Amino acid sequence: MSQTDTASGGGQGLPPANTPPANTPPKAEAPSHRGARLRRRARSLGGLVLSLALTLLGLLLITFIIGRVMPIDPVLKVVGERATQAQYDAAYQAMGLDKPIWQQFLRYVSEVLRGDFGRSISTGHPVSEDLKRVFPATVELATLGTLIGVCVGVPLGVIAAARRGGWIDQIARVLALVGYSMPIFWLGLMGLLLFYGILGWIGGPGRQGIIYDGMVPTVTGMILIDSLIAGDWGAFRDAFSHIVLPASLLGYFSLAYISRMTRSFMLEQLSSEYVTTARVKGLSEARVVWGHAFRNILVPLITVIALSFGGLLEGSVLTEIVFSWPGIGQYITKALLAGDMNAVLGGTVLVGACFVGLNLISDLLYRVLDPRAS
Amino acid sequence: MSPLLSVRNLRVSFPTRSGTFDAVRGVSFDLGRERLGVVGESGSGKSMTGRAILGLVRPPGRVTADRMELDGQPILNLPERQMRALRGARISMVMQDPKFSLNPVMTIGRQITEGYRLHTRTTPQAARDKALEMLRAVQIRDPERVFDAYPHEVSGGMGQRIMIAMMLAPDPEILIADEPTSALDVSVRNEVLRIMDKLVRDRGMGLIFISHDLNLVAEFCDRVLIMYAGRVVEELPAHDLKNARHPYTQGLLNSLPRLDHPVERLSVLQRQDSWRDEEIATPFPGGL
Ligand SMILES: Nc1ncnc2c1ncn2[C@@H]1O[C@H](COP(=O)(O)OP(=O)(O)OP(=O)(O)O)[C@@H](O)[C@H]1O
Ligand SMILES: [Mg+2]
């Protein structure tokens, strides 16, 4: 693009708004071009939504196929081992398994769209109800963990890059190394032993203490938020004392990842020419780093954060098990071991949809944050 | 009268695995309110000289000099805070490629006003007026529109004029132009240079014009320093380039195509090891 750019606008200043040079977009939009710019935006947004819909459909296709190829007879799971042939056949037909495969898929898609994932054989509840119960627990933990990871990891990575080789950089390096190499269940157990068992500073496993169990009316399913809505400070404190350790652990692991990525993004920006320009202007190093370089890493950084958040939304099984945290990771794992395919696939679709949603959000932010995007 | 900028025995060195590497090895010159060209091949230390003057050689690079004075004030290795007060306000620099030297996610207006407001502490409105005035001064026809545009929305030639407007807004006394046109299309090169030249002369500034291009330097400068391997090998008035005595300068001149005296083949510069270190006829006889 650079060739035509340089040739077209270079000598004569901006080309007049109403006569853009042949097949080069006009530089610096005139007001009259704003409509066109909006239309272009709308069209690309439409494309984005379409590609998301296709992604979701692909996800459903995959979960559907997995459901069919698993060596688990869905009918048998429903009617039980001792059903008669007639009972079996009736259930077989009721589940639509005698229909052509594409009809089965359409039926599956329409069920999922209605939020119907079938019944979980291990809990006996509809899978959607189970998910409503377990997913908020994971979301709460993942959000808090990511918050810690971002609030500590981003500044740490930025400072480590700005003072490359300094003591903060060294500390960040060690922290990340430990974060990458330490098994989380071990850290979790040690943390429980120390802070709960010995010091008694925090609540033990689970989301709540026994006295508060079920005391707060469920609104969002996230106890921290629900207890705030109910104005119940005791319940809030109790829930916080339970979540603080697992959230810190997840936060530590996401911090390790986020700070490393932030650092390498920043190093790349800090060696670029516009940073020298900013220094030549006489700006303070803080303004050079945060006002110039940092603004340029926001787009890739958001993708990294979204990925790390998505990873935590899958439910970190080990953390959930160590802390008896009734989240989606545990739920899916148990369902998998029990051959409870409805629950497994329902959970998978939910997590997959979250990934797609996060992707959408980071895509939209990219359009907002980078003027070159549209 | 003391010169604007006075540099003696400037050295810039970098530690490397195989010992220290000297990028600049004892450069000396004075700059008045004039246009000083610096010519030399790639890696000869031209940019490093400019950066050393601005205090922008990052560690582990080391800068030493017997003297580095701005208007009689020593500026070598000043504390960072004092150096920042000089940068932009009294010495400024335009770099090679506006595509990379403008911040892609900040509007052009903000980038211009930012430095100006820092050094003058004026209101946003006054800074905006100044920025528009500067954009007009570099012959941008539609300054209001460009003010709100982003760097990717302007062409290379305009980008470089914007850089010049930005760097001259706080009224520095010295401008270092580090190959300001080598990334530009040939057709806009001269225009950008003429605009820069006019502004620099109208303001009575000192200009250090770094370039590969002897012809360009001869046209736009009063005096020329020829650098080779981190040293100044020759210094002479721009109109006097033909009379260069140093074989390196003569070699450079002979490898230029000439309209008045066409030749079948341009001669290729043959470098000699002795140029690196031999004592040259110093422009400051008797030492400094
Ligand atoms: N950080 C660094 N560490 C080691 N050597 C460096 C560093 N930066 C620059 N140099 C070396 O310093 C020498 C001078 O570089 P400089 O950029 O001043 O050359 P130049 O004359 O501007 O060349 P060009 O015309 O290519 O811009 C080069 O040989 C370069 O390799
Ligand atoms: Mg250079």
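Think of each chain on its own: its residues are numbered from 1, step by step along the sequence as written. All chains are assigned letters beginning with A, and all ligands numbers beginning with 1, in the order in which they are written. Residues qualify for local features only when their pLDDT is at least 70, as the model is predicted, and side-chain atom pairs are given and counted only at 80 or more; totals for whole chains, interfaces and linings, by contrast, use all residues. Values shown for side chains rest on all heavy atoms present in the structure; no hydrogens or waters enter the calculation.

- Taking an unreviewed UniProt entry as the reference, chain B is identified by name as Peptide/nickel transport system ATP-binding protein belonging to Paracoccus lutimaris.
- A UniProt comment under Subcellular location (unreviewed entry) is attached to chain B, and it reads "Cell inner membrane".
- The UniProt entry for chain B carries the following comment under Sequence similarities (unreviewed entry): "Belongs to the ABC transporter superfamily." UniProt positions are given in the numbering used here, feature names are shortened, and annotations may be inferred rather than shown by experiment.

- Chain A is annotated in an unreviewed UniProt entry as Peptide/nickel transport system permease protein of Paracoccus lutimaris.
- Note on chain A: under the UniProt heading Sequence similarities (unreviewed entry), the record states "Belongs to the binding-protein-dependent transport system permease family."
- Looking at chain A in UniProt, the text filed under Subcellular location (unreviewed entry) is "Cell membrane".

### As for the overall build of chain A
Right, so step 1: For the purposes of this entry, the term helix denotes a DSSP run of H or I that reaches at least four residues, the term strand denotes a run of E that reaches at least two, and both are numbered from the N terminus. Helix and strand counts for chain A stand at 15 helices and zero strands.
Right, so step 2: Think of it in three bands: with a 1.4 Å probe and only protein chains considered, a residue is buried below 20% of the maximum accessible area for its type, exposed above 50%, and partly exposed in between. Residues counted as buried form 44% of the 374 residues belonging to chain A.
Right, so step 3: Note on contacts: a residue pair qualifies if any of its non-hydrogen atoms lie within 4.5 Å across the two residues. Counting contacts in chain A only where the partners sit at least 6 residues apart, residues at least 24 apart contribute 68% of the total.
Right, so step 4: All accessible areas in this document rest on Shrake-Rupley with a 1.4 Å probe, and a residue is counted as covered only by the protein chains that are shown. As displayed, chain A has an accessible area near 19,300 Å², and 67% of this comes from carbon and sulfur atoms.

### As for the environment of E133 of chain B
Right, so step 1: Mapped onto the elements, E133 of chain B comes out in helix α5 (residues 124-137).
Right, so step 2: A C-alpha to C-alpha distance of 19 Å links E133 of chain B and L175 of chain B, two positions 42 residues apart in sequence.

### Brief notes about the site of ligand 1
Residues and elements named next belong to chain B.
Right, so step 1: A molecule or strand has a residue near it when one of that residue's heavy atoms lies within 4 Å. Taken together, 13 residues sit near ligand 1, with S42, G43, K46, S47 and M48 positioned nearest.
Right, so step 2: Think of a polar contact as two N or O atoms within 3.5 Å of one another; within protein, one of them needs to be a possible hydrogen donor and the other a possible acceptor, and neighboring residues in sequence only count if both atoms come from side chains. Between S44 and ligand 1, the recorded distance is 3.2 Å, taken from a backbone N or O atom to an oxygen atom.
Right, so step 3: Taking G45, its main chain carries an N or O atom lying 3.0 Å from an oxygen atom of ligand 1.
Right, so step 4: Summarising the interface, the protein chains cover 64% of the accessible area of ligand 1, which totals 640 Å² for the free molecule.
Right, so step 5: Among the elements of the structure, β2 (19-31) and α1 (46-53) are those that each provide at least two residues to the shell around ligand 1.
Right, so step 6: Element by element, the count of residues in the shell around ligand 1 is highest for α1, at three residues.

### Side note on helix α8 (residues 184-198) of chain A
All names here are of chain A.
Right, so step 1: By this rule, a helix spans an expected 1.5 Å times one less than how many residues it contains. Taking 1.5 Å as the rise per residue, α8 with 15 residues should run 21 Å; its terminal C-alpha atoms sit 20 Å apart, in good agreement.
Right, so step 2: Inspection of α8 places I184, L187, G188, G191 and L192 among the buried residues, and these make up the whole buried set.
Right, so step 3: Residues of α8 that are buried sit in contact with α10 (233-270) and α13 (317-322).
Right, so step 4: Phi turns positive one or two residues past the end of α8, at G200, with a value near 65°.

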